[in-house]
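# Remarks on the overall topology
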Amino acid sequence: MTRSGFVIANLLRKRTRTILTLLSVIMAFLLFGLLQSVNHIFNAGADFVGATRLMVQARVSFTSPLPVSMLPKLEAVPGVARVAYSQWFGGVWQENTPLFVFAIDPLRYRDAYPEYVMSEAQWQAFAHTRTAMIAGRRLADQYGWKIGQKIPISSNIWPQKNGSKAWAFDLVGIYDGKDEDWKKRTNVAFINHDYFDEANQFGMKGAANFFILKLSDANRAEAVSRAVDAMFENSPDETKTQTEKDFNLGFVKQVGDIGLIVRWILFAVFFTLLLVVGNTMAQSVRERVPELAVLKTLGFTDGSVLGFVLAEAAALCLFGGLMGLLLATTFGAMVEKGTGGQFALRLDISVWLIGIAAIVLMSLAVGLLPGLRARRLRIVDALAGR
Amino acid sequence: MLTQALAITGINIRSIPERWGSSLVIVIGLAGVVAVFTALLAMATGFESTLKATGRADAALIMRGGSNAELNSGLDRDSTDLIEQQPGIVTGADGRPLASAEVLIIAELIRKDDVKNGANITVRGVEPTAFALRPQLKIVAGRTFTPGLRELIVGRGVLRQFQGAELGKVVRMRGSDWTVVGEFESGDAHDSELWTDINVARTTFGRNGSSSVLVALDGADGLRKLKSAVAADPRLTLDVVREQDYFSGQTKQFRKTIGFLAGVVTLIMALGAVFAALNSMYAAVAARGKEIATLRAIGFGGLPVLLSVMIEALLLALAGAVLGALTAYLLFNGLSVSTLGQNFTQVVFNFKVTPELVARGLIIAVVIGMIGGLLPAIRAARLPVSTSLREL
């Protein structure tokens, strides 16, 4: 009988116990996988955004618009290659579903965001049709929008000149992301800033919540943001300029400290699991004290007896852990599909890596104590049942 | 039969210290489930009770039609004045309608544990009547703002979570300096706001009208009168909601989100705990095989044995639940946190562990204890007497 065969045979001896312990481990790692990926959505979502873009907003808050007349001043700052701007529209689909809709200058935005992919003909159509709208692939798929359709969208902020908040736009293009990360961010629709300016009732003219500065050199981000903020200091339109990544992180943090909640739950789960599996291992070693003594009598070293116990613990944790992570991956993919990609609960490689690290730590934590006990065992005492 | 069951249970419980390891698994397992469940729902409850405490039943909030939130709403000066002349509004001591036009502005403050990321904070420009409309709001330090000056008063909730708005500090907004001259406490969502004079806010932020108008309703019929008058006036397109309903309505989404999270997490953890409990109780039954067989041999029935195992599992589960609820209470009750509210600004609230939540945690524990005890109990009751006695 091989050593691994021996370990498996030992695990199968008390089948009920092994299966029940395995199931507990699977549940713990299922939860681990799901919570980690939730945490991931909230915290690491900005990783792929480079530092080549700066977001300029009003210092008081991005809900206070800045005048578009700042544009030439921003363009003159050394290190700035292209400036785009966007204005929040407060879009609402049908009864009460909020949509991300921004009013932008099409060609400026195209230049600032090369990560968004759309044919030049569609960009031109967007720029030259007053009532045009473009939508991200995800958004268009979710609501079944087709190019050429008139899309009715209301605004919960801006009425048109006739007092109605029900707007309608011609869908002239559907953009996609250049890679997986950017494809996830194609849930935004854009409309023409010029048209928005002239059609809204309040004469909300020439205003933008954000200016987006595309830099010629990412290394100058710090200097450019300082130069911009200094330029508008003490004016009614004081600015706050930060990298796109910092902006995204700050935005997410407003929701609350999701990471903290996730950490507390996982702490509770793993503390419990440690106890459950640890107790099982301790019990199984306790029951087999005479057998272990026989093994030692046969010539197995103290080290290899320790190895047997550790291997048993590791087998339990590894099998249960991998099953749990696999379940979480399947479950996460189902959630992603079920929500039309809105909630991308995907277990990517980083979650798996942390999971595997957790499995290794867990195996050591639960196997070491009973293992050391088995190693210390003296043959004479153990055989005598002392 | 009951006396038999109790007698065996007594023996079982007294023997727990000898096998505390596996018993502890049930206790700690259940403690974990109940602690997480209670803490998550304590968050939802805290948020809900803060918003539910905000807003009176006899006041109405008036916004532009279809706005959903004060942030999105905007009323010009004419509509603002027109609103105050509608019927159904209480007349104040000065003979004018008891109404407060308010401007909502958002400022950024930095969280206490952060260095650079700003969070959105509501700055509310109010008319003097605003204080009469919210009698629960009290100035607790310093004084109220002087109309016409750039002065702010700050809610206690803001002070708990954010820095830079302490009494005497200067807050910079739109190129101008605002001095914090007072602290107030209202025990509701307004605790998460900064207040100032509406006219100063209007001139500084280039606003003409208001975001919303809050009015005191005249009698039980006030809301209906006001609504029908507004609907009949072609110059006005407005949403009129009872103030209390407006704030209560904001809790739905949060409760749904947290409820879903708590549901999924509790379910998975509970399954894990059931498996652990089964494991422990099977072990307990196996360890006592001979003892149980002896009891059966001297005349104890199968049912008392079954009951005794069930009772043991339940007691351990309950002990775990109490431990878990206590942990959640000690760690989280009263913990101050904040999240984004309807106006896209921070709402500061405290975790609230209520007796109702604890009771629900106990019920969950009882269910898990029952499931975890049942199968091992059946096995114990069915243990063949003769073979068990012969085991060494």
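Residues numbered from 1 in each chain as written. Chains lettered and ligands numbered in written order. Predicted model: local features only at pLDDT ≥ 70, side-chain atom pairs only at ≥ 80, totals over all residues.

This part is about the overall build of chain B. Scanning chain B from N- to C-terminus turns up 13 helices and 13 strands. Relative to the 2.2 N^0.38 estimate, which gives 21 Å for 392 residues, the radius of gyration of chain B is 30 Å and therefore markedly larger than a compact globule would have. Its C-alpha atoms give chain B principal-axis dimensions of roughly 95 × 50 × 30 Å. By residue count, 52% of the 392 residues in chain B fall in the buried class. Sequence-distant contacts, at least 24 apart, represent 83% of the contacts inside chain B between residues at least 6 apart. (Helix = DSSP H or I, 4+ residues; strand = E, 2+ residues; numbered from the N terminus. Rg over C-alpha atoms; globule rule 2.2 N^0.38 Å. Buried ≥ 20, exposed ≤ 12 C-beta atoms within 10 Å, placed from the backbone. Contact = placed C-beta atoms within 7 Å.)

With that out of the way, let us pick up the overall build of chain A. Helix and strand content of chain A: 15 helices and 14 strands. In summary, chain A has a C-alpha radius of gyration of 30 Å against a globular reference of 21 Å for 386 residues, an excess of more than 25%. Its C-alpha atoms put chain A at 95 × 45 × 35 Å along the principal axes. Looking at chain A as a whole, 41% of its 386 residues are labelled buried.

Our focus in this paragraph is the interface of chain A and chain B. Every contact between the two is made by 40 residues of chain A and, on the other side, 41 residues of chain B. For the side of chain A that touches chain B, the elements supplying multiple residues, two or more each, are α2 (15–43), α10 (244–253) and α11 (258–287) of chain A. Here the side of chain A that touches chain B gets 11 residues from one element, more than from any other, and that element is α11(A). When the residues that make up the side of chain A that touches chain B are grouped by side-chain class, the tally is 18 nonpolar, 18 polar and four charged. (Nonpolar A, V, L, I, M, F, W, Y, C, P; charged D, E, K, R; others polar.)

Now for the environment of T179(B). Residues and elements named next belong to chain B. Within the secondary structure layout, T179 lies in strand β8 (residues 176–185). On a C-alpha basis, the gap between T179 and G206 in space is 20 Å, while along the polypeptide they are 27 residues apart. Each residue touching T179, except ones within four places of it in the same chain, is listed here: R150, E151, L152 and V170.

Only one face of strand β7 (residues 170–173) of chain B is covered, namely the face carrying V171(B) and M173(B); the face carrying V170(B) and R172(B) is uncovered. The antiparallel hairpin formed by β7(B) and β8(B) contains two residues in its connecting segment, where R174(B) sits at a positive phi of about 50°. (Pairing = 2+ DSSP bridges.)

Attention shifts here to the confidence of the model for chain B. Model confidence for chain B is summarised by a mean pLDDT of 90, while 99% of its residues fall at 70 or above. We note a pTM of 0.86 for the whole complex and an ipTM of 0.84 for its interfaces. (pLDDT = per-residue confidence, 0-100.)

Residues and elements named next belong to chain B. As for its position among the elements, V154 is in strand β5 (residues 151–155). Along the sequence, V154 and E193 sit 39 residues apart, while their C-alpha atoms lie 6.4 Å from each other. The contacts of V154, once residues within four sequence positions are left out, are L159, A165, V180, E183 and L194.

The next thing to look at is the nonpolar core. If you look at the biggest cluster of nonpolar residues, it comprises 224 residues, and the most contacted ones within it are L31(A), F211(A), L30(B) and V215(B). Discounting chain neighbours no more than four positions away, the residues touching L30(B) are A273(B), A317(B), G320(B), A321(B), G324(B), A365(B) and I368(B). (Core = buried A, V, L, I, M, F, W, Y, C linked by C-beta atoms within 7 Å.)

To continue, consider the packing of helix α2 (residues 20–53) of chain B against helix α11 (residues 302–332) of chain B. Residue and element names in this part refer to chain B. At a closest axis distance of 6 Å, the pairing of α2 and α11 adopts a crossing angle of 40°. Accordingly, the angle class assigned to the pair α2 and α11 is oblique. α2 and α11 meet at a crossing whose hand is right-handed. Taken together, the residues of the contact of α2 with α11 break down into 19 nonpolar, seven polar and no charged. (Axes fitted to C-alpha atoms, helices over the stretch in contact; angles between N-to-C directions. Parallel < 35°, antiparallel > 145°, perpendicular 65-115°, else oblique. Left-handed = near helix turned anticlockwise from the far one by under 90°.)

Another aspect to go through is the domain arrangement of chain B. Residue and element names in this part refer to chain B. What the domain assignment lists for chain B is domain 1 (2–52 + 251–390) and domain 2 (66–236). Computed over C-alpha atoms, the centres of domain 1 and domain 2 are 48 Å apart. At the interface, 11 residues of domain 1 touch 17 residues of domain 2. Take the side of domain 1 that touches domain 2: its biggest share by element is three residues, from strand β13 (residues 346–350). Counted by class, the side of domain 1 that touches domain 2 contains four nonpolar, seven polar and no charged residues. (Domains from an automatic or database assignment.)

Bringing the pairing of strand β9 (residues 193–197) of chain B into the picture now. Residues and elements named next belong to chain B. Among the five residues of β9, five are classified as buried, and the element is accordingly described as predominantly covered. Two elements, strand β3 (residues 118–126) and β9, share five bridges in a ladder whose sense is parallel. What sits directly across from G125, in β9, is T196. With two bridges connecting them, β5 and β9 associate as antiparallel partners.

Residues and elements named next belong to chain B. For the pair α2 and helix α12 (residues 355–382), interaxial distance at closest approach is 9 Å and the crossing angle is 150°. Considering their axes alone, α2 and α12 lie roughly antiparallel with respect to each other. As for the relative orientation of α2 and α12, their crossing is right-handed in sense. Side by side, α2 and α12 meet where I26, L30, V33, V34, F37, T38, L41, A42 and T45 of the first sit next to L357, V358, G361, I364, A365, I368 and G372 of the second.

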